[in-house]
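One letter stands for each residue in the lines below.
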Amino acid sequence: MAVSFSLEPEQRALLTPVGRLSTSRMCWAGCAFCRLAISSPRMSLPDAPPGLSVDRLQADDIAWDAAAFLKLRGGLSIKEPFDYWLHLIRRIKELSQAPLMAFSPVEVWYFHTQERRPVRELVRLLKWAGADFLGSGGAELWLSGLPLEWAPYRLTQSEWLTVADAARAADLRFAASILVPPTGLSLSPDSIKVLQDVKPHHLDVKPLVSDGTHLGALGNANVVVTASSVNQLRQHLPEVPVYVDWAEEPEDTDAIFGSAGAERVLVPIWEVLP
Amino acid sequence: MSTPLCWLPTLDISNVDVSFGPWLAHRFLSSFRGRGHIISQSPGPWPSQETIQATSGGQWYCRGLTKVPKRSKPIGITAEISVPTGLADPALDVLNHALQTGPLVRLVAIRPHDLNLHQAETSLRTLLDTVIDTIWLDQQSFGWNALTWLIASDPRFQPAGISPQDVWRLSQLAEQLGRPLVLRDFSGKPDVPLPGLHHFSPEQSVPRALNSLPAWGRSP
Ligand code: SF4
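Each value, and the rule that gives it
Residues numbered from 1 in each chain as written. Chains lettered and ligands numbered in written order. Predicted model: local features only at pLDDT ≥ 70, side-chain atom pairs only at ≥ 80, totals over all residues. Heavy atoms only, no water. Phe/Tyr/Trp six-rings, centres within 6.5 Å; stacked < 30°, edge-to-face > 60°. Buried < 20%, exposed > 50% of the residue type's maximum accessible area, 1.4 Å probe, protein only. Helix = DSSP H or I, 4+ residues; strand = E, 2+ residues; numbered from the N terminus. Lys NZ or Arg CZ within 6 Å of the ring centre and 35° of its normal. Axes fitted to C-alpha atoms, helices over the stretch in contact; angles between N-to-C directions. Contact = heavy atoms within 4.5 Å. Nonpolar A, V, L, I, M, F, W, Y, C, P; charged D, E, K, R; others polar. Near = heavy atom within 4 Å. 1 Å grid on protein atoms, 1.4 Å probe; cavity = no way out; pocket = protein on both sides within 12 Å on 5 of 7 lines; lining within 4 Å. Sits in = over half its atoms within 2 Å of the grid points. Core = buried A, V, L, I, M, F, W, Y, C linked by side-chain atoms within 4.5 Å. Pairing = 2+ DSSP bridges. Points joined across faces, edges and corners; volume = space filled by probe spheres on them.

K.L.:
Please clarify how the packing of aromatic side chains should be interpreted in this entry.
P.N.:
Two measures describe an aromatic ring pair: the distance that separates the ring centres and the angle between the ring planes. Applying the stated rule across the entire model yields 17 aromatic pairs over all chains. Between F103 of chain A and F111 of chain A, the aromatic rings sit 5.7 Å apart at their centres with planes inclined by 50 degrees, giving tilted as the arrangement. Each member of the pair, F103 of chain A as well as F111 of chain A, is classed as buried. Taking 6.3 Å as the distance between ring centres and 80 degrees as the angle between the ring planes, the aromatic pair formed by W136 of chain B and F186 of chain B counts as edge-to-face. Of this pair, W136 of chain B sits in strand β8 (residues 135-138) while F186 of chain B is found in the loop between β10 (181-183) and β11 (192-193), placing the two residues 50 residues apart along the sequence. One aromatic cluster is present, built from ring pairs that chain together W28, F82, Y84, W85, F103, Y110, F111 and Y153 of chain A. The positively charged end of R173 of chain A is found above the aromatic ring belonging to F133 of chain A, 4.4 Å away from the centroid.

K.L.:
How do you make sense of the packing of helix α9 (residues 253-260) of chain A against helix α4 (residues 139-153) of chain B when you look at a structure like this?
P.N.:
For any two helices packed against each other, one specifies the inter-axial angle together with the distance between the axes. Their axes nearest at 9 Å, the elements α9 of chain A and α4 of chain B cross at an angle of 35 degrees. Contacts between α9 of chain A and α4 of chain B pair T253, I256 and S259 of chain A from the former with N145, A146 and W149 of chain B from the latter. Its residues assigned to classes, the contact of α9 of chain A with α4 of chain B shows three nonpolar, three polar and no charged.

K.L.:
Teacher, can you tell me more about the site of the ligand here?
P.N.:
For the ligand, the full set of nearby residues is C27, A29, G30, C31, C34, A37, G74, G75, L76 and R154 of chain A. Taken atom by atom, the bulk of the ligand overlaps the largest pocket.

K.L.:
Is there a simple way to think about the nonpolar core in this case?
P.N.:
Soluble, globular proteins show a tendency: their nonpolar side chains are buried together. Grouped together as the largest cluster of nonpolar side chains are 144 residues, with contacts concentrated most on L72 and L126 of chain A together with I135 of chain B. Here this core takes eight residues from α4 of chain B, the largest share from any one element. Contact partners of I135 of chain B, with chain neighbours within four places excluded, come to L107, A109, L124, L127, L128, R156, F157 and Q158 of chain B.

K.L.:
Can you help me understand the sheet that holds β10 of chain B in this one?
P.N.:
Adjacent strands of a sheet form backbone hydrogen bonds with each other and so pair up, either parallel or antiparallel. Residue and element names in this part refer to chain B. Strand order in the open sheet made by the three strands is β1-β10-β11, with mixed pairing throughout. With one partner strand each, in any of the chains shown, β1 (5-7) and β11 form the two edges of the open sheet. Lying on the sheet, helix α5 (residues 167-177) is in contact with β1 and β10; it crosses β1 at an angle near 170 degrees.

K.L.:
Just checking my understanding: could you explain the layout of surface pockets for this structure?
P.N.:
Over the atoms rolls a probe the size of a water molecule, and its path tells where empty space is left. Residues and elements named next belong to chain A. The computed volume of the largest pocket comes to approximately 1,200 Å³. Lining the largest pocket are 49 residues, and of these C34, R35, L36, R73 and K206 lie nearest its centre. Looking at the lining of the largest pocket element by element, the count peaks at four residues for strand β10 (residues 264-272). Partitioned by chemical class, the residues of the lining of the largest pocket number 26 nonpolar, 11 polar and 12 charged.

This is how it looks when you write it as structure tokens:
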């Protein structure tokens, strides 16, 4: 496979420092590419360690001002009910002005099935609590044409689209994530059509970092395949901005992904765990 | 056939004590079956080498404005310069000095830490168009992101200073670019083609452990 580019020289993406807040590290879903979760059984966990507490947010070690973007996400073995997290989101919004991505469609779907509450209601409440975006996770495998066995409990296309529709109805912006394997992205016409139809606020390109996951043998996606994937997305979906979620060494990524057409490079600068 | 991506295993013993350097060089070369490149202060018994002191008939590794006496005229020169940031850049003086001393056969570029990638790229391309047709980019100062990017954007760039444990990155890149990866030195012996990475494709590699989810209940 040879990767190809068409470059816009001198174009720079905005390096955007991201603060990550994890609700819980316990998760039963076992996604093969996950670098966050501690596997746990799928059952109610009365003894599970509590999730992120409101008190933890007050700690002095959190550099709220340094983060230009916040993400709240975590594993699916969450002990606290949905309403608790609304409360936490409100607290986060009091502490920081940065746009907050709170809960991906995967988590919304989980609360939907767990608490038997309509997706629309959950999404509306997230918006009410102050979330600026819905997280991008959930669609990466089928959008990128990767084996669904990598994450058998992730969302199907129709589940993901249900959440996306609800977000649109609630006027809550949402993104779609695209997982880039080290061999490069091959977008199917189907995926392009879905993305053209749902019009996410942006595309979250996630180069696979497989160290320490079940997919270790595949290796990591480097800047070259990532840039060529960004390029591909820009060509097919010129009106949707592309953000690159770059978890490794950020040096030069603004220039590299910028010339490939990305608008932002999201670089994690801190993470708060429960 | 597209230009091969070259791995030049290099050992710089110019700062190593003379009693130890040759032994180190020997060990280094023997780990690549006698292939590999040595940079030393003065000539040694190595098939592929450059020396910091210019010697008559040798390959001179030029890092600065050292005067070269007429009688030790090298037959080829490698200039190691930092990427010039403008016409008044001292790196260009070093380059001119090298060009005036003898034929320039190789150019190794070091990236100044505050030079952004687009500027570095423009400057390097100017050198490619005017001075020499291949530039070796120093991995340490460029960083992996910039290095892979530049090599992908122009086949006239080659990587310099790649340690054996990082060759897999070149292998990955060569595969992405559809170019062969070879081990090269300047001994005059032919390039050694290096095998590609063992290739796991996402389509075939359903991790076995996933057949028995949930993960916590996996049998050993
Ligand atoms: S659902 Fe999220 S936290 Fe759980 S395993 Fe998958 S990626 Fe990890």
